[in-house]
Amino acid sequence: MKKTISIILCIILVGLSLASCKSEKKESSANIADGTNYTYDSAYSFEDATIRAYRDLCRAVVLGNEEVRINSGFLDDVLQLFYTSFPLSALVEKIEPSESGYIIKYKSSDAHKDALQFLEKVRSIKTEINNENDTVYAINLYNRIASSIKVSDNNSISCYETIMKGEGTSFSYSNMFEYLLQQEGIKAYHILCEDAGGNSKAISAAELDGKLYYFDMMSEYYDNGGKLLKYFGMTTADTEGTGLVNFIYTNHETADDASDLRFQACRTCTDWEIDSNNLFITRNDGEIVQVAL
């Protein structure tokens, strides 16, 4: 009799332990979802209610939820933000209406696990980069991405895949740069344009110390393996000088003009060093230019 009671107690304890583990795992996912910064392209300007609905959708995807409540009046704007600004939208097959809200259908049964792995990857990348101030972070992030570019044969590769696989196109690498800037509270914009041959291309724009600059990591990669800063912090005239034209934001509005010359010495950069306060640029004439950060 005592043996039987002991066995029953063991089974109950194991069950409670398993339930506790599941509860902790669920709580952990909720903490991760609540601690995630659901950013979006800085070209967009929507009402607070739309932004809240967008963040609710993003959070649902991180949690692996199969349904989310969204006011139908906000849906078009929410989906525009979702598919252009949130990398984990790549895990979603479609979103369709239901009686109580909208059903989220995922491309894989592993979508929740993939979402958590992505967020851990983003955290790892951010941890590796000096973020003493916005400009220092932007320079180090730009260099990290540009110097490790692997061009993908898949022209439709997503930002999510580029971050996870380490390969991509001008579109996905620019998205990656922008997303990681936004994660640090830096305003960043996806810029669509055309090269001299009329081919579509993407570059990035971001605001540093209140000034707008352009960034072309793919040109940096093709020019010097991504080791220099020749295409960092460009003006509109600089980008046009490389043959790029027709700059538009993701929301299809004409991109703003960038005219600040703070990083002009970078255009003839042959080497560079950085500390917490200054960027030292060696120009092709041998002169070293100091840029305060």
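For the structure itself, consult the block above.
Because the structure is a prediction, the values reported are computed rather than measured.

K.L.:
Describe the layout of surface pockets, naming the residues involved and giving the relevant values.
P.N.:
There is about 480 Å³ of room inside the largest pocket. Lining the largest pocket are 25 residues, and of these Tyr-83, Thr-84, Ser-89, Cys-159 and Asn-175 lie nearest its centre. Taken together, the elements giving at least two residues each to the lining of the largest pocket come down to α3 (75–85), α4 (111–128), α6 (159–165), α7 (170–182) and β4 (188–194). Looking at the lining of the largest pocket, the element that brings in the most residues is α7, giving five residues. Class assignment of the residues belonging to the lining of the largest pocket gives a composition of 11 nonpolar, nine polar and five charged.

K.L.:
Describe the packing of aromatic side chains, naming the residues involved and giving the relevant values.
P.N.:
All chains considered together, the criterion is met by 17 aromatic pairs. Taking the centre distance of 5.7 Å and the plane angle of 20 degrees together, the rings of Tyr-44 and Phe-46 count as stacked. With relative accessibility at 7%, the residue Tyr-44 sits in the buried group. Through successive ring pairs, a cluster of aromatic residues spans Tyr-142, Phe-177, Tyr-213, Phe-215, Phe-232 and Phe-263.

K.L.:
How would you summarise the pairing of β4 if you had to cite specific residues and measurements?
P.N.:
Of all the seven residues making up β4, five are buried; the element is thus mostly covered by neighbouring parts of the structure. Bridge count between β4 and strand β5 (residues 200–208): seven bridges; the pairing is antiparallel. Its bridge partner being in β5, His-190 is matched across the sheet by Ser-204. Counting the residues that bridge the hairpin from β4 to β5 gives five residues, and of these Gly-198 lies at a positive phi of roughly 85 degrees. As paired strands, β4 and strand β7 (residues 245–249) are joined by three bridges and run antiparallel to one another.

K.L.:
Please give an account of the pattern of salt bridges that cites residues and values.
P.N.:
Scanning all chains against the criterion turns up 13 salt bridges. A salt bridge links Arg-59 to Asp-34; the nearest nitrogen and oxygen atoms lie 2.7 Å apart. Highlighted residues: Arg-59 in helix α2 (residues 48–63) and Asp-34 in helix α1 (residues 2–35), separated in sequence by 25 residues. Looking at Arg-59, the relative accessible area reads 28%, which means it is partly exposed. Take Asp-34: its relative accessible area is 51%, and that puts it in the exposed class. The partner of Asp-216 in a salt bridge is Lys-201, with the nearest N and O atoms 2.9 Å apart. In this pair, Asp-216 sits in the loop between β6 (211–215) and α8 (217–224) while Lys-201 sits in strand β5, placing the two residues 15 residues apart along the sequence. The exposure class assigned to Lys-201 is buried, which follows from its relative accessible area of 13%. Through salt bridges with shared partners, a single network forms among Lys-94, Glu-96 and Lys-105.

Analysis parameters
Residues numbered from 1 in each chain as written. Predicted model: local features only at pLDDT ≥ 70, side-chain atom pairs only at ≥ 80, totals over all residues. Heavy atoms only, no water. 1 Å grid on protein atoms, 1.4 Å probe; cavity = no way out; pocket = protein on both sides within 12 Å on 5 of 7 lines; lining within 4 Å. Points joined across faces, edges and corners; volume = space filled by probe spheres on them. Helix = DSSP H or I, 4+ residues; strand = E, 2+ residues; numbered from the N terminus. Nonpolar A, V, L, I, M, F, W, Y, C, P; charged D, E, K, R; others polar. Phe/Tyr/Trp six-rings, centres within 6.5 Å; stacked < 30°, edge-to-face > 60°. Buried < 20%, exposed > 50% of the residue type's maximum accessible area, 1.4 Å probe, protein only. Pairing = 2+ DSSP bridges. Salt bridge = Lys/Arg side-chain N within 4 Å of Asp/Glu carboxyl O.

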